[in-house]
Amino acid sequence: MEVGIHDRTLSQAEVELKKSLQEQLWFAANAYESMLRQKARVKWLKEGDRNSAYFHKLINYRRRHNGIQGLIIDGVWVHDPSSVKSAALTHFKDRFAAN
């Protein structure tokens, strides 16, 4: 539907249809996220709040998935934590320095 959408002005009916479809998409996405939260809550209630292997695996997966393993600094892959930290600090200091 969006093929050629930037080439012309949408009619009022098309604008309303697009808005309606976007609202439906957001509603479906929120319903899906709610379902996932409910499933996780049910699993948590069944497993309990103990230090089970399930929770350790989940935490370790998130830690690996969300962690920064390294950076390309001056064209070289660096995975030494202190070098990565200093490069990130330098980058953001330069980025947000007051001009």
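Refer to the structure above for everything that follows.
Residues numbered from 1 in each chain as written. Predicted model: local features only at pLDDT ≥ 70, side-chain atom pairs only at ≥ 80, totals over all residues. Heavy atoms only, no water.

Caption draft 1: Expanded view of the overall build of the protein chain. Of regular secondary structure, the protein chain possesses three helices and two strands. In the protein chain, the succession of helices and strands from N to C terminus is α-α-β-β-α. Looking at the 99 residues of the protein chain, the share that counts as buried comes to 7%. Summed over all atoms, the accessible surface of the protein chain reaches about 9,300 Å², with 58% contributed by carbon and sulfur. (Helix = DSSP H or I, 4+ residues; strand = E, 2+ residues; numbered from the N terminus. Buried < 20%, exposed > 50% of the residue type's maximum accessible area, 1.4 Å probe, protein only. Areas by Shrake-Rupley, 256 points an atom, 1.4 Å probe, with all protein chains shown as cover.)

Caption draft 2: Up close: unusual backbone geometry. One non-glycine residue, Asp-74, adopts positive backbone phi at about 55°. Along the chain, the position of Asp-74 falls in the loop between strand E1 (71-73) and strand E2 (76-78). Under the relative-accessibility criterion, Asp-74 is labelled exposed at 78%.

Caption draft 3: Broad picture of the pattern of salt bridges. For the structure on display, the rule yields one salt bridge. Put simply, Glu-14 and Arg-8 hold a salt bridge, and the shortest N to O gap is 2.9 Å. We classify Glu-14 as partly exposed; its relative accessible area is 23%. Judged by its relative accessible area of 46%, Arg-8 falls in the partly exposed class. (Salt bridge = Lys/Arg side-chain N within 4 Å of Asp/Glu carboxyl O.)

Caption draft 4: The arrangement of the packing of aromatic side chains in detail. Following the criterion strictly, the structure yields two aromatic pairs and no others. Consider the rings of Tyr-54 and Phe-55, whose centres lie 5.1 Å apart with planes at 75°: the pair is edge-to-face. By relative accessible area, which is 17% here, Phe-55 ends up buried. (Phe/Tyr/Trp six-rings, centres within 6.5 Å; stacked < 30°, edge-to-face > 60°.)

Caption draft 5: Spatial organisation of a nonpolar patch on the surface. A cluster of nonpolar side chains, Tyr-32, Met-35 and Leu-36, forms an exposed patch at the surface whose accessible area comes to about 280 Å². For Tyr-32, the location among the structural elements is in helix H1 (residues 12-47). (Patch = residues over 30% accessible without salt bridge, like charges linked within 9 Å, V, L, I, M, F, W, Y side chains within 5 Å.)

Coordinates in, geometry out; function isn't part of it.
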